[in-house]
Amino acid sequence: MVRISKPKTFQAYLDDCHRRYSCAHCRAHLANHDDLISKSFQGSQGRAYLFNSVTLPGTAPCPCRVNVGCGPAEERVLLTGLHAVADIHCENCKTTLGWKYEQAFESSQKYKEGKYIIELNHMIKDNGWD
């Protein structure tokens, strides 16, 4: 009998000198504090933060997300109107973290395109917080 094992998920680490946010469930690094745009967002399960990116500093956006995977985009009616969003998840523990705004259909919401929502109950502050 041939046994096929699941390959271990690669985990990337952010620079130790930066304040960062990590997955509350497995401590995988998710985003730098420098990429935080707003703390005034609402996720599907409570408060959430809006991030400019969840990528490694100085790298191209998509293929090198820091431990964050992205699902297919779908249209959803959110508190601020209709948006095309894609769920994002921790690549290490597979927990759904929030979503990425792919497209906003109202002009006042266009600033969200390409940005990420991570819900507070799925992340912790890590490294360098006083």
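Conventions used here
Every chain's residues receive numbers from 1 upward, in the order its sequence appears when written. Local features in this predicted model are restricted to residues whose pLDDT is 70 or higher, and side-chain atom pairs enter the listing and the counts only when it is 80 or higher, whereas totals over whole chains, interfaces and linings include all residues. In computing side-chain properties, one takes all heavy atoms of the structure into account and sets aside hydrogens as well as water. Whether two strands pair comes down to DSSP finding at least two bridges between them. Put simply, DSSP H or I for four residues or longer makes a helix, DSSP E for two residues or longer makes a strand, and each gets a number counted from the N terminus. Only the stretch in contact is used when a helix axis is fitted, and all axes are lines through C-alpha atoms; the angle between N-to-C directions ranges over 0 to 180 degrees. Exposure categories follow from relative accessible area, calculated using a 1.4 Å probe and restricted to protein chains: below 20% of the type maximum is buried, above 50% is exposed, and the middle band is partly exposed. When the centres of two rings from Phe, Tyr and Trp lie within 6.5 Å, Trp using its six-membered ring, the rings pair. Their planes under 30 degrees apart give stacked, over 60 give edge-to-face, and anything left gives tilted. A 1.4 Å probe that fits but cannot get out identifies a cavity on a 1 Å grid over protein atoms alone, an open set with protein on both sides within 12 Å along at least five of seven lines counts as a pocket, and a residue lines either if it has an atom within 4 Å of a point. Grid points are joined across faces, edges and corners, and a volume is the space filled by probe spheres set on the points. Amino acids are sorted into nonpolar (Ala, Val, Leu, Ile, Met, Phe, Trp, Tyr, Cys and Pro), charged (Asp, Glu, Lys and Arg) and polar (every other residue, Gly among them).

1. Notes on the sheet that holds strand β8 (residues 116–119)
Right, on to step 1. With respect to topology, six strands assemble into an open sheet ordered β3-β4-β8-β7-β6-β5, the strand pairing being antiparallel. Either end of the sheet is taken by a strand with one partner, and the two such strands are β3 (36–43) and β5 (68–78). The average undirected angle you get between the axes of adjacent strands in this sheet is 30°.
Right, on to step 2. Here five bridges tie β3 to strand β4 (residues 46–51), and the two strands are oriented antiparallel to one another. Looking at the pairing, L36 lines up with F51 of β4.

2. Examining the pairing of strand β6 (residues 81–90)
Right, on to step 1. Most of β6 is tucked away: seven of the ten residues are buried.
Right, on to step 2. Pairing analysis gives nine bridges linking β5 to β6, with the strands arranged antiparallel. When the sheet's bridge partners are listed, G69 is paired in β6 with H89.
Right, on to step 3. Hairpin connection of β5 to β6: two residues between the antiparallel strands.
Right, on to step 4. Of the pairings in the sheet, the one linking β6 to strand β7 (residues 96–104) comprises seven bridges and is antiparallel in character. Bridge pairing in β7 links A86 to K100.
Right, on to step 5. Where β6 folds back on β7, the antiparallel hairpin that results is connected by five residues, among which K94 adopts a positive phi of roughly 70°.

3. Some remarks on the packing of aromatic side chains
Right, on to step 1. Taken as a whole and judged by the stated rule, the model has four aromatic pairs.
Right, on to step 2. Ring centres of Y21 and F51 lie 5.3 Å apart, and the angle between their planes is 75°; on these two criteria the pair is classed as edge-to-face. Placement of the pair is Y21 in strand β1 (residues 20–23) and F51 in strand β4, with a sequence separation of 30 residues.
Right, on to step 3. Its relative accessible area of 1% is what places Y21 among the buried residues.
Right, on to step 4. A relative accessible area of 0% places F51 in the buried class.
Right, on to step 5. Between Y49 and F51 the ring centres are 6.5 Å apart and the planes differ by 50°, which places this aromatic pair in the tilted class. Accessibility assignment for this pair places Y49 and F51 in one class, buried.

4. Re the layout of surface pockets
Right, on to step 1. Of the pockets and cavities examined, the largest pocket occupies roughly 200 Å³.
Right, on to step 2. Around the largest pocket, the lining residues are S40, F41, Q42, G43, S44, R76, L78, L79, T80, W99, Y101 and K112.
Right, on to step 3. Where the lining of the largest pocket is concerned, the elements lending two or more residues are β3, β5 and β7.
Right, on to step 4. Ranked by residue count, the leading element in the lining of the largest pocket is β3, at four residues.
Right, on to step 5. Its residues placed into classes, the lining of the largest pocket shows five nonpolar, five polar and two charged.

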